[in-house]
Amino acid sequence: VQLVESGGGLVQAGGSLRLSCAASGFTFSRYGMSWYRQAPGKERELVAAITSAGASTNYADSVKGRFTISRDNAKNTVYLQMDSLKPEDTAVYYCNVEVRWRDYWGQGTQVTVSS
């Protein structure tokens, strides 16, 4: 299993970024996918999750209405569209999948939101 995130960067408050996570090594369309984030000095937290076919999503309260998770099973890719970004969204964002009771993580992509 390999997960490769991209799309992070530096953005001003109120701006937008779109993260991508390219997956390989497993049957992508059979598994739910998640995005997590970890800010300095804080625990890693769940940001958003999507079911295998994309029919259902859920979000952390802190990002509801601002972030959108989606997936393209033909491209083995999951996305996180982040709008109305706030400085408190600054963190390393990680893609996650649980395959056969084991968690897999990407290397993370840094998102920095300046005020």
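Shown above is the structure to which this text applies.
Quantities reported herein were computed from a predicted structural model and do not represent experimental measurements. (Residues numbered from 1 in each chain as written. Predicted model: local features only at pLDDT ≥ 70, side-chain atom pairs only at ≥ 80, totals over all residues. Heavy atoms only, no water.)

Visitor: So what's going on with the pattern of salt bridges? Which residues, and what values?
Guide: Considering all chains together, one arrives at four salt bridges under this definition. The shortest N-O distance in the salt bridge between Glu45 and Arg37 comes to 2.7 Å. Note that Asp89 is salt-bridged to Arg37, the shortest N-O span being 2.9 Å. One end of the pair, Asp89, is in the loop between β8 (77-82) and β9 (91-99); the other, Arg37, is in strand β4 (residues 33-38), and 52 residues separate them in sequence. Taken as a pair, Asp89 and Arg37 share a single burial class, namely buried. Salt bridges linked by common partners bring Arg37, Glu45, Arg66 and Asp89 together as one network. (Salt bridge = Lys/Arg side-chain N within 4 Å of Asp/Glu carboxyl O. Helix = DSSP H or I, 4+ residues; strand = E, 2+ residues; numbered from the N terminus. Buried < 20%, exposed > 50% of the residue type's maximum accessible area, 1.4 Å probe, protein only.)

None of the figures reported here should be taken as evidence of function without further support.
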